[in-house]
Amino acid sequence: MEYREMIQVKGLCKRFGEIQAVDQLEFSVREGEIFGFLGPNGAGKTTTIRMLVGLLSPDSGSARIDGHDVLREPVRAKQSVGVVPESSNLYGELSALDNLIYMAQLYGVPKKEWKQRAEELLKDFNLLDRREGKFQGFSRGMKRRLTIAAALVHHPRILFLDEPTTGLDVMGARGLRGVIKKLKEKGVTVFLTTHYIQEAEELCDRVAIIVKGKIRFTDTPDGLKEKVKETEVLEIQPHPFSPNLLQLMEGVPDVEKTTVVEDRIRFYGASVHNSVCQILNRLEAKGIKILSIRTMVPTLEDAFVKMTGVDAEAMRADKPMKMGGMG
Amino acid sequence: MEGFKRAYYIARKDLKAYYFKPPLVSWGLMLPFVFILAFYLRNPQGIADLSPGLVGLTLLFSTTSMAAIVISFEKRIDALERLLMAPIHLRTIIFGKALGTAAFGFGMGLFTLLVVFFLFNLHAYHLFSLLIALLLSCFAFGFVGILISVGVREVFEAMTLSNFFRLPMIFLCGVFFPVTAMPWILQVVGFALPLTYSVDALRQSLLGRGGILPYWLDILILLAYCMVLFEIATVIFRKRAQE
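Residues numbered from 1 in each chain as written. Chains lettered and ligands numbered in written order. Predicted model: local features only at pLDDT ≥ 70, side-chain atom pairs only at ≥ 80, totals over all residues.

This brings us to the overall build of chain A. Per the secondary structure count, chain A includes twelve helices and 14 strands. Taken over the C-alpha atoms alone, chain A extends approximately 75 × 45 × 40 Å along its principal axes. Across the 327 residues of chain A, 43% fall into the buried class. Long-range contacts, defined as pairs at least 24 residues apart, comprise 70% of the intrachain contacts of chain A with a sequence gap of at least 6. (Helix = DSSP H or I, 4+ residues; strand = E, 2+ residues; numbered from the N terminus. Buried ≥ 20, exposed ≤ 12 C-beta atoms within 10 Å, placed from the backbone. Contact = placed C-beta atoms within 7 Å.)

As structure tokens, then:
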């Protein structure tokens, strides 16, 4: 099947001093899909997005957005794009309505459509009754919704979402995921960076896993899980739990990797079932009880852990809120 | 044309969002008024000769304050990135910021002139020349303010750095005494600062006398300042955005 490629990235590199933030990135995003860029904090996700939206120049390589080279035709490339940065950075002194009208002005929306489009978006994002409220007085969830609305004011063909649910409560994050699904239904191509594996699994048609500036794998979530389907996953909930228990499990036969998920330990390997007795014996010898034990079908998280070696707990840790951009 | 329109929207938003910030009012308007009052009380007859310098000071303080607050504040809250992500050329963004700053300074300058005209029964010798001098001065000082604010992170840092440049200008640029009456080394510094040409042009268009350079030369030099500062601001802005 032929796909129109809305984002094409070839050999993209960016270095900050001694740190190679992004190294030879190659990927493309098809029209109408939700493409997830999944990786731990500091993997190079935000640097990539900043190069794609024209905030940073790559050291080498090229990127095309909707057919336009981001370096040679930055203004045309930006016209096709809506960007939702990690921080909700609209203008605190302006009302919700004025913020959206200002964005419409900046993105060249015809004057007669400014107010209509702004009110339409406020209605879609359940903010119509707060249209005259100043952005600085909004809750974090409302700010996030208005920031997404602002990115859509000019009907972009591609939407970049940088860690969209970071810092939101459970309900806010769920609502936002619903919004992203609706955008896909409307044909918007979505490029989503996240360090929440479940979020990528729920939303994305395809996922690229990036670690230390390099893409390790690109596939559908099911495709990635397929790659580790031969892997068995055993999960044990010990009591009392301690992360130090991982040391106790070193050298257990048939276990390729162990990770901690909340207060449970996961064991990965092709024949982990052979080692159950030995694992239980080691715990019992230390007087540790077992609250639950189960085998699992590999999830995207398991695939991620197996393929990258990155600890899932480290992935879940929110990064500190950004306090400044330029300067 | 589209670029000018978007620059206008940027300027209009800045005026709407930041017009009543206390530092703008205090540094933009209060300080020159305090000077006017102080010098009037000391020597009521000499206020006419001082008025061009005081108008120049109003322009300097109001425009640089506006630029310092708007840009450093928007940098701090990441809002400036929003402009950089929009389909607008960097030059348009810089020009838009300068336009907002210049419009605010122009308004403050006109207001100060009206107060001077009304209180001290003065009138403009050549109104059109006066307005041109006002406008170019506002843009030149606006670019100075943009340059200062691009290099700092916090609003208070911008205000401090602005004062580092502004306060010496009060004494070096012919506001209170002629540049030519100063020691030669200070004259060199004075002639390197845009306020000197602004005050000289304002003096000639307001009073019709007392110019050091011909009016047209002051205007040309102010125009050159605008162009050079615009280019430098664009280069530094682009460089800082990449860091």
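Think of two packed helices as two axes; the pair is described by the angle between the axes and how far apart they sit. Residues and elements named next belong to chain B. Across the interface, helix α5 (residues 90-120) lies against helix α10 (residues 215-241) with an axial gap of 10 Å and an inter-helix angle of 120°. Taken together, α5 and α10 sit at an angle that is classed as oblique. Helix-helix and strand crossings are classified by hand; for α5 and α10 the assignment is right-handed. Contact with α5, carried on its side by Leu 90, Arg 91 and Ile 94, involves Phe 230, Ala 233, Thr 234, Phe 237 and Arg 238 of α10 and no other residues of that element. (Axes fitted to C-alpha atoms, helices over the stretch in contact; angles between N-to-C directions. Parallel < 35°, antiparallel > 145°, perpendicular 65-115°, else oblique. Left-handed = near helix turned anticlockwise from the far one by under 90°.)

Here we take up the nonpolar core. Leu 100 and Phe 160 of chain A together with Ala 140 and Phe 143 of chain B are the most contacted members of the largest nonpolar core, which totals 153 residues. The residues touching Phe 160 of chain A, leaving out its near neighbours within four places in the chain, are Ile 49, Leu 52, Val 53, Val 81, Val 83, Val 84 and Phe 191 of chain A. (Core = buried A, V, L, I, M, F, W, Y, C linked by C-beta atoms within 7 Å.)

It is worth spelling out the interface of chain B and chain A at this point. On the side of chain A, 25 residues touch chain B, which itself brings 24 residues to the contact. Listing elements by their share of the side of chain B that touches chain A, those giving two or more residues are α1 (2-18), α3 (47-76), α4 (79-85) and α10 of chain B.

Turning our attention to helix α7 (residues 155-172) of chain B. Residue and element names in this part refer to chain B. Its 18 residues place the ends of α7 26 Å apart at the C-alpha level, agreeing with the 26 Å of an ideal helix rising 1.5 Å per residue. Of all the bends found along α7, the most pronounced is centred on Asn 163 and spans about 30°. Along α7, the residues classified as buried are Ala 158, Met 159, Ser 162, Arg 166, Met 169 and Leu 172. Gly 174 sits one or two positions beyond α7 and adopts a positive phi of about 80°. (Expected span 1.5 Å × (residues − 1). Bend = angle between axes of the 7 residues up to and from the residue.)

Taken residue by residue, chain B gives an average pLDDT of 86. The fraction at 70 or more is 95%. Across the interfaces of the predicted complex, the ipTM metric reaches 0.85, alongside a pTM of 0.81. (pLDDT = per-residue confidence, 0-100.)

Taking 1.5 Å of rise per residue, the 31 residues of α5 of chain B would be expected to cover 45 Å, and the 44 Å separating its terminal C-alpha atoms lies within 8% of that figure. Two residues or fewer after α5 of chain B comes Asn 121 of chain B, characterised by a positive phi angle close to 55°.

All names here are of chain A. Sheet architecture is open: four strands sit in the order β12-β13-β11-β14, paired in antiparallel fashion. With partners counted over all chains shown, the strands left at the sheet margins are β12 (257-261) and β14 (289-296), one partner each. Across the sheet, the mean angle from the axis of one strand to that of its neighbour is 20°, orientation sign disregarded. In the packing of helix α10 (residues 276-285) onto the sheet, the strands contacted are β11 (232-239), β13 (264-269) and β14, and the crossing angle to β11 comes to about 15°. (Pairing = 2+ DSSP bridges.)

Residue and element names in this part refer to chain A. Taking strand neighbours across the sheet as the criterion, the four strands line up as β2-β1-β4-β5 in an open arrangement whose pairing is antiparallel. Both outer strands of the open sheet, β2 (19-30) and β5 (68-69), are each paired with one neighbouring strand and no more. Pairing analysis gives two bridges linking strand β4 (residues 60-65) to β5, with the strands arranged antiparallel. In the strand pairing of β5, Arg 64 is matched with Asp 69.

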